[in-house]
Amino acid sequence: MIDISPEIFTLALLGSIALGIVIGYPLGFVLGTIGLVAGYLIYGSAVVQLFYWHVTESLFDYIKLAIPLFVYMGAMLAYSGLAEKMYDAFFVWLGGLRGGLAVITILIGTILATSVGIIAASITMLSLVAIPSMMKYGYKKSLASASVCAGGCLGILIPPSVMLVVYGPIAQISVGQLFFGAFIPGFILSLFYCSYVLVYSFLNPHVAPSVSVDEIEQLTFGQKTVRLITAVGPAGLLILSVLGVIFVGIAPPSEAAAIGALVATLMCIAYRKFTWRILINASLETVRLSGFVFLIIATATVFSSAFMGGGGGDVVMNMVLSIGGGRWGAFAVIIGAVFILGFLMDWIGIVLILVPIVTPIGAALGFHPVWFAIMICVCLQTGYMTPPFAMGIFITKGSIPPEFGVTTGDVIRGVIPFVIMIICALTLFCIFPELITWLPGQMIRPGG
């Protein structure tokens, strides 16, 4: 054990993380190594037993059972053909609207977000379904690809979201309340995205031409309505089976996730897409992604235990609370830190490193815990669209068929306005916090 000031200790640990990420080491390796070394310097040989207890408690938290179940649910839906059916249904309604295909893409991304919750699956489905159509009708590459990226990234915010399942236990907030706190903000972001596309397309007709009436299947109003209901209805059933039972207090998120996994499998069977190969692929994707999440949780738990034990949390809290501008000045610093970290690492690293530190600060500043948490989660949307990390951008580029010639630069240029929309939404939620806090307050019994 060594005697070191908390300030130097904090600077050393945060600097080591930054150095490890810049060099290119995997985040789990960086967090685990730094945590073990720092823990040994603080606690000596007792560090093994201490970290074993913390990691076991974190990984065996019952609520985290929802993570693989939601991942499986999303993977199974990706094979069900749901996106194609919704695109065809929306096309006959909005295809003739200038910018309508991009709006359809965002709307489907929003619906998929309530059913999938995995951005890689959502973006891939949107790319394969929407990009060929938008390219066929002459959409600007930056707008088309950015609509896919922004719409797909809503899956990490709108419930059921793996991010919220991870966030809740760390901040000691009900996952059920986080789910319903994120609903309205997620839909508002979707509305902002669609509004931007419509205004931009109106001012610049050449970037998103409307589809001629002759190229749209001619159906009566009733036929269009039936097609839309039959396409969107199954997604609504899935939402009801998962989020409905949480809202009315029938089941907490873990059990609701199990119901959702079953319903997703039944939907795949009903659409006649189910095969043993699909079941194996969905299971392998579940193991792979869930294993990654649990590995980062374990190593981040080691790091945060050492960081907080060495007084790092108190140092950061005192620094933030001493900043001028009152509580809103301190809040701006926290959101700014989340925004900057989004350039450098994935959401899971930010949540697991930052949330244990800033949650007590939010409480000390007097912010509603659900509001404070959802504001951070909304800001984390920008991390998927701000290079150099920008996983959403690279997933979009990688999933778009190469024959369309969409470059990474096209996607980056296109997503800039969507990042601005997220900042506008954060401002709106500061002015009207009830947009986040109202729905959780209507729950019959908070789950999880």
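One can find the structure itself at the top, above this paragraph.
Visitor: For the overall build of the protein, give the residues involved together with the corresponding values.
Guide: For the protein, the count of helices and strands is 20 helices and zero strands. Expressed as lengths along the three principal axes of its C-alpha atoms, the size of the protein is roughly 80 × 45 × 45 Å. Taking all 448 residues of the protein together, 55% fall into the buried category. Put simply, of all contacts in the protein between residues at least 6 apart along the chain, 82% involve residues at least 24 apart. When the accessible surface of the protein is totalled, it reaches about 18,300 Å², and 71% of it is carbon and sulfur. If the 16 positive side-chain charges of the protein are averaged to one point and the 16 negative ones to another, these points end up 12 Å apart.

Visitor: So, the environment of Thr 427: which residues are in play, and what are the values?
Guide: Position of Thr 427 relative to the elements: it lies in helix α19 (residues 408–431). On the basis of relative accessible area, Thr 427 is assigned to the partly exposed category, the value being 44%. Each C-alpha atom, one on Thr 427 and one on Arg 227, is 38 Å from the other, the two residues being 200 residues apart in sequence.

Visitor: Can you lay out empty space enclosed by the protein for me, pointing to particular residues and giving the numbers?
Guide: Tallied over the full model, the rule gives one cavity of 30 Å³ or more. One number sums up the size of the largest cavity: a volume of about 50 Å³. Every residue lining the largest cavity is listed: Gly 342, Met 345, Asp 346, Trp 347, Ile 350, Leu 380, Gly 383, Tyr 384, Phe 389 and Met 391. Among the residues forming the lining of the largest cavity, the class breakdown is seven nonpolar, two polar and one charged.

Visitor: Break down the side chain of Thr 286 for me, citing the residues and quoting the values.
Guide: Looking at the element boundaries, Thr 286 is found in helix α13 (residues 276–309). Given a relative accessible area of 9%, Thr 286 falls into the buried group. Among residues more than four places away in sequence, those in contact with Thr 286 are Pro 68, Val 71, Tyr 72 and Gly 291.

Visitor: Would you mind going over a nonpolar patch on the surface in detail, with residue names and values included?
Guide: On the surface, a cluster of nonpolar side chains totalling about 450 Å² of accessible area is made up of Leu 19, Ile 23, Tyr 25 and Phe 29. As for its position among the elements, Ile 23 is in helix α1 (residues 6–23). For Ile 23, a relative accessible area of 54% gives the class exposed.

Visitor: Describe helix α8 (residues 141–153), with residues and values.
Guide: Helical periodicity: at 3.6 residues per turn, an α-helix aligns residues three or four positions apart in one direction. Compared with an ideal rise of 1.5 Å per residue, which puts 13 residues at 18 Å, α8 spans 18 Å between its outermost C-alpha atoms and is within 8% of the ideal. Extensive coverage of α8 is indicated by the burial of 12 of its 13 residues. All buried positions along α8 are accounted for by Ser 142, Leu 143, Ala 144, Ser 145, Ala 146, Ser 147, Val 148, Cys 149, Ala 150, Gly 151, Gly 152 and Cys 153. The inward-facing, buried residues of α8 contact α6 (100–113), α7 (119–136), α10 (175–203), α18 (391–399) and α19.

Visitor: Any details on the packing of helix α9 (residues 162–171) against helix α16 (residues 347–364)? Residues and values, ideally.
Guide: Each pair of packed helices can be summarised by the angle the axes make with each other and by the distance between the axes. For the pair α9 and α16, the least separation of the axes is 9 Å and the interaxial angle reads 25°. What the angle tells us is that α9 and α16 run roughly parallel. Read as a crossing pair, α9 and α16 show a hand that is right-handed. Between α9 and α16, the contacting residues are Val 162, Met 163, Val 166, Tyr 167, Ile 170 and Ala 171 on the first element and Trp 347, Val 351, Leu 352, Val 355, Pro 356 and Thr 359 on the second. Each residue belonging to the contact of α9 with α16 can be placed in one class, and the counts come to 11 nonpolar, one polar and no charged.

Visitor: So, unusual backbone geometry: which residues are in play, and what are the values?
Guide: Most peptide bonds take the trans form, and the phi angle of most residues other than glycine is negative. In this model, Pro 159 is joined to Pro 160 through a cis peptide bond whose omega is 0°. Looking at the secondary structure, you find Pro 160 in the loop between α8 and α9. Of note in the backbone geometry, Gln 172 takes a positive phi value of approximately 55° without being a glycine. Its relative accessible area of 73% is what places Gln 172 among the exposed residues. Phi angles above zero are rare outside glycine, and Arg 272 is one such case at about 60°. In this structure, Arg 272 sits in the loop between α12 (253–270) and α13. Look at Arg 272 and you get exposed, because its relative accessible area is 79%.

What counts and how
Sequence order as written defines residue numbering, which begins from 1 separately in each chain. Two thresholds apply to this predicted model, a pLDDT of at least 70 for residue-level local features and 80 or more for giving and counting side-chain atom pairs, whereas whole-chain, interface and lining totals are computed over all residues. Only hydrogens and water are set aside; all other atoms, that is, all heavy atoms of the structure, feed into the side-chain values. Numbering goes from the N terminus for both helices and strands, where a helix is a DSSP run of H or I of at least four residues and a strand is a run of E of at least two. Only protein chains enter the area calculation, which uses a 1.4 Å probe; residues under 20% of their type maximum are buried, those over 50% are exposed, and those in between are partly exposed. Pairs of residues are marked as contacts when any of their non-hydrogen atoms sit within 4.5 Å. Note on areas: Shrake-Rupley, 1.4 Å probe, and residue coverage restricted to the protein chains presented here. Counting rule applied: Lys, Arg positive; Asp, Glu negative; His and chain ends not counted. To locate a charge, take NZ of a lysine, CZ of an arginine, CG of an aspartate or CD of a glutamate. Residues are called lining when one of their atoms sits within 4 Å of a cavity or pocket point, these points coming from a 1 Å grid over the protein atoms alone, where a cavity is a set in which a 1.4 Å probe fits but cannot get out and a pocket is an open set with protein on both sides within 12 Å along at least five of seven lines. Grid points are joined across faces, edges and corners, and a volume is the space filled by probe spheres set on the points. Lys, Arg, Asp and Glu make up the charged group, whereas Ala, Val, Leu, Ile, Met, Phe, Trp, Tyr, Cys and Pro make up the nonpolar group; the residues left over, Gly among them, are polar. Note that patches include only residues with greater than 30% relative accessible area and no salt bridge, and the join distances are 9 Å for like charges and 5 Å for nonpolar side chains (Val, Leu, Ile, Met, Phe, Trp, Tyr). Every case where a carboxyl oxygen of Asp or Glu lies within 4 Å of a side-chain nitrogen of Lys or Arg is listed as a salt bridge. Expected span of a helix, by definition, is 1.5 Å for each gap between consecutive residues, and there is one gap fewer than residues. Axes, fitted as lines to C-alpha atoms, cover a helix only where it is in contact. Angles between the N-to-C directions of the axes lie from 0 to 180 degrees. The cut-offs work like this: below 35 degrees is roughly parallel, past 145 is roughly antiparallel, 65 to 115 is roughly perpendicular, and the gaps in between are oblique. Each crossing is labelled by how the near helix is turned from the far one, with a counterclockwise turn of less than a right angle marking it left-handed and a clockwise turn marking it right-handed.

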